[in-house]
Amino acid sequence: RHADEGRIMGSRVYVGNLSWHTSWQSLKDHFRQAGEVVHADVMQHDGRSKGCGIVAFATAQEAANAIATLGETELDGRTIFVREDREAAPPTAGSGGRARAGTVQTSGCQVYVGNLPYTTSWKELKDHFKVAGNVTHADVAQDGGGKSRGFGTVLFGSTREAAKAIQIFNESEFHGRTIEVRPDQYS
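Everything numeric in this text was worked out from a predicted model, so none of it was measured. (Residues numbered from 1 in each chain as written. Predicted model: local features only at pLDDT ≥ 70, side-chain atom pairs only at ≥ 80, totals over all residues. Heavy atoms only, no water.)

Student: Whenever I open this one, the pattern of salt bridges confuses me. Can you help?
Tutor: A side chain with one charge may pair with a side chain of the opposite charge, provided their charged atoms come close. Enumeration over the complete set of coordinates arrives at five salt bridges. The salt bridge involving Asp85 is made with Arg12; its shortest N-O contact spans 2.7 Å. Of this pair, Asp85 sits in the loop between strand 6 (81–84) and strand 7 (109–114) while Arg12 sits in strand 1 (residues 12–16), and the two are 73 residues apart along the sequence. The partly exposed category is assigned to Arg12, whose relative accessible area is 33%. Asp29 is the partner of Arg32 in a salt bridge, and the nearest nitrogen-oxygen pair spans 2.8 Å. Under the relative-accessibility criterion, Arg32 is labelled partly exposed at 45%. (Salt bridge = Lys/Arg side-chain N within 4 Å of Asp/Glu carboxyl O. Helix = DSSP H or I, 4+ residues; strand = E, 2+ residues; numbered from the N terminus. Buried < 20%, exposed > 50% of the residue type's maximum accessible area, 1.4 Å probe, protein only.)

Below, the structure is given as structure tokens:
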């Protein structure tokens, strides 16, 4: 059974790598392509955009459509990324065992790195991704016997750094293999 099977997705999406100039109205207008937008908000601190926002749809299907169709699209001159809003539903008492071992809750943003050579260590992964910004954690997934599963995650201090990593490293070569880098949907 897939770990995420049976999970109900919410009707809100998180949007990262927004331009400082993107307003809630332009965010809402852009996301109308995916369905009925109930609410859109650009997160701010001291009156200045934080470069990310939340869009609420009438249905979870519309939110899923937004994730599938509007990720990697351009809004106000920036390539945005879209994922499910993980803050939408607070964890319930029974969900404690669902977090992966070693997962650290922070205010940063984690990216998934796929098609890694099986010899890649967490340290090599972290060192490689430092070009994009402050790497606070890197991990290579391993099976029960300690062998690499060929993918990993890199946690950055900000969504801007994570978006930069995706832009720089997605479909780039790493130790002879073309790697996939995208927002980590399970972090």
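Student: For this particular structure, what's the right way to read the environment of Thr59?
Tutor: Summarising the element assignment, Thr59 is placed in the loop between strand 3 (48–57) and helix 2 (60–70). A relative accessible area of 31% places Thr59 in the partly exposed class. The spatial distance from the C-alpha of Thr59 to the C-alpha of Gly35 is 8.3 Å, given a sequence separation of 24 residues.

Student: Would you mind showing me how to read the sheet that holds strand 6 here?
Tutor: Think of a sheet as strands paired side by side through backbone hydrogen bonds, with each pair either parallel or antiparallel. Taken together, the four strands give an open sheet; going across it, the order is 2-3-1-6, and neighbouring strands pair in antiparallel fashion. Edge positions in the sheet fall to strand 2 (37–45) and strand 6, since each has one partner strand and no second. In this sheet, neighbouring strand axes are inclined to one another by 25° on average, regardless of whether the strands run parallel or antiparallel. The pairing of strand 1 with strand 6 spans four bridges and is antiparallel. The residue of strand 6 that forms the bridge with Tyr14 is Arg83. Packing against the sheet, helix 1 (residues 24–31) makes contact with strand 1, strand 2, strand 3 and strand 6, and its axis sits at approximately 140° to strand 2. The sheet strands contacting helix 2 are strand 1, strand 3 and strand 6, and the helix crosses strand 6 at an angle near 150°. (Pairing = 2+ DSSP bridges. Axes fitted to C-alpha atoms, helices over the stretch in contact; angles between N-to-C directions. Contact = heavy atoms within 4.5 Å.)

Student: What is the right way to look at the nonpolar core in this model?
Tutor: Among soluble globular proteins, nonpolar side chains are generally buried collectively. Formed by 24 residues in total, the largest nonpolar core has its most connected members in Val113, Phe129, Val154 and Phe156. Only strand 3, strand 7, helix 3 (122–129), strand 8 (135–142), strand 9 (148–156) and helix 4 (159–169) provide two or more residues apiece to this core. By residue number, the principal contributor to this core is helix 4, which donates five residues. Every residue in contact with Phe129, bar those within four places of it in the chain, is listed here: Val113, Val135, Val154, Phe156, Ala165, Phe169, Ile179 and Val181. In this structure, Phe31, Ala34, Val42 and Leu75 belong to the second largest nonpolar core, which totals 17 residues. (Core = buried A, V, L, I, M, F, W, Y, C linked by side-chain atoms within 4.5 Å.)

Student: Can you walk me through helix 1 in this structure?
Tutor: Residue pairs three or four apart in sequence face the same way in an α-helix, which turns once every 3.6 residues. Listed as buried for helix 1 are Ser26, Leu27, Lys28, His30 and Phe31. The secondary structure elements touched by the buried residues of helix 1 are strand 1, strand 2, strand 3, helix 2, strand 4 (74–75) and strand 6.

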